[in-house]
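# Geometric and topological summary
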Amino acid sequence: MARRQRRENDEPPAVRAARDRERHVSQVTSYGFLARRGPKRSVTVVPRPLRYWQYNPVSPGVALATVAAVVVWLVALGLISGWADAREEAPLAIGLGLLVLVLATSRFTVSDHALSTDIAGLRQTSSFGVVPLVLLDDVVLAPAPADWPRARRRGGWWPGRTRVVVRHLDSDGVADKAFTVWVRDPEAFAEAVDRPL
């Protein structure tokens, strides 16, 4: 075990990051989207518990756009076919709008190897959203220091959440990147990624 650990520490960050990405996907997909229920019944080897996870409802902008789309749909139908048809169509339009909001809910997850944004309904782990822990540099409460790269946003603001900025290398282990995320417990998140605030 010590020899394997030493060998992994000698590898270039990009090689280790690729392996950690696969390990992360394996650990995360052993749990359903509703992580509180524990590992899936179909899992043969019990996975280690997830270090940190939280659900991110859709951003207020997406929620407003969905409501606007439903309203435009019903108003256009009312103007074209009559308001009686629009009233009949309202349950379908509202139901589809709610379905969009539910399917756009995401889960921000930290495993033993990486962190990612997992999307309900579409695919469990978004490959473009996986950042191996070996590539993480630092975590700070927002705003980020001036010398950090411009941070991309992951998820929107919600009451009771605190914005943190995560600095990391890209998948090649070369370019400096950063992203912001609103977390429910900044200390627990920082502990999960082994980067104290």
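Quick caveat, the model's predicted, so the values are computed rather than measured.

What counts and how
- Numbering of residues begins from 1 in every chain and follows the order in which that chain's sequence is written.
- In view of the model being predicted, local features appear only for residues whose pLDDT reaches at least 70, and side-chain atom pairs are presented and counted only at 80 or more, with totals across whole chains, interfaces and linings using the full set of residues.
- Excluded from the side-chain calculation are hydrogens and water; included are all heavy atoms of the structure.
- We count a stretch as a helix when DSSP gives it H or I for four or more residues in a row; a strand needs E for two or more, and each element gets its number in order from the N terminus.
- Here, residues are in contact when the closest pair of their heavy atoms is within 4.5 Å.
- Known as pLDDT, the predictor's per-residue confidence is scaled from 0 to 100.
- In what follows, salt bridge is the name for a side-chain nitrogen of Lys or Arg lying within 4 Å of a carboxyl oxygen of Asp or Glu.
- Buried means the residue's accessible area, taken with a 1.4 Å probe over protein chains only, is under 20% of the maximum for its type, while exposed means over 50%, and partly exposed covers the values in between.
- What is meant by a nonpolar core is a set of buried Ala, Val, Leu, Ile, Met, Phe, Trp, Tyr and Cys residues, joined one to another through side-chain atoms within 4.5 Å.
- One bridge is not enough; two strands pair if DSSP finds at least two bridges between them.
- What counts as an axis is a line fitted to C-alpha atoms, over the stretch in contact for a helix, and the angles between N-to-C directions run from 0 to 180 degrees.
- Working rule for helices: expected span equals 1.5 Å times residues minus one.
- Starting at the helix axis, one direction is taken to each C-beta atom, and the arc is that of these directions.

Let's shift gears to the environment of Val139. Here Val139 lies in strand β5 (residues 136-141). Between the alpha carbons of Val139 and His168 there is a distance of 9.1 Å; along the sequence they are 29 residues apart. Leaving out residues up to four positions away in the same chain, Val139 has contacts with Val164, Val165, Val166, Phe189, Val193, Arg195, Pro196 and Leu197.

Okay, the confidence of the model for the protein next. Detailed reading of the predicted model is not advised wherever pLDDT is low. In the predicted model, the protein carries a mean pLDDT of 86, and the fraction of residues at 70 or more is 90%. Mean pLDDT across the elements of the protein ranges from a minimum in helix α1 (residues 2-10), with 53, to a maximum in helix α5 (residues 186-192), with 96.

Any two side chains of opposite charge can pair, so long as their charged atoms come close to each other. Counted under the stated rule, the structure contains 8 salt bridges. Linking Arg23 and Asp20 is a salt bridge whose minimum nitrogen-to-oxygen distance equals 3.6 Å. Within this pair, Arg23 and its partner Asp20 are both found in helix α2 (residues 13-29), separated by 3 residues, close to a single helical turn. On the accessibility criterion, Arg23 (26% relative accessible area) is partly exposed.

A few words now on the nonpolar core. By size, the foremost hydrophobic cluster in this structure holds 16 residues, and its most contacted members are Val110, Leu115, Phe189 and Val193. At the level of elements, β2 (106-110), β5, β7 (162-169), β8 (176-183) and α5 are the ones that each hand at least two residues to this core. Looking at this core, the element that brings in the most residues is β8, giving 3 residues. Not counting residues within four places of it along the chain, the set of residues in contact with Val110 comprises Leu50, Arg51, Tyr52, Leu115, Leu133, Phe189, Ala192 and Val193.

Attention now moves to the sheet that holds β8. On the basis of which strands lie adjacent, the open sheet formed by 4 strands has the order β5-β7-β8-β6 and mixed pairing. Whereas interior strands pair on both sides, the edge strands pair on one side only; in this sheet they are β5 and β6 (152-154). Between one strand axis and the next, the sheet turns through 25° on average, direction left out of account.

This part takes up helix α3 (residues 60-81). With 22 residues, α3 should reach 32 Å at 1.5 Å per residue; the first-to-last C-alpha distance of 31 Å fits that figure. Those residues of α3 that sit buried are Thr66, Val70, Leu74 and Gly78. One face of α3 carries all of its buried residues, which in axial projection span an arc of 105°. Seen from the open side of α3, the exposed residues pointing more than 90 degrees away from its buried face are Leu64, Val72, Leu79 and Ile80. Contacts from the buried residues of α3 go to α4 (83-103). A positive backbone phi angle near 110° is found at Gly82, which sits one or two residues after α3.

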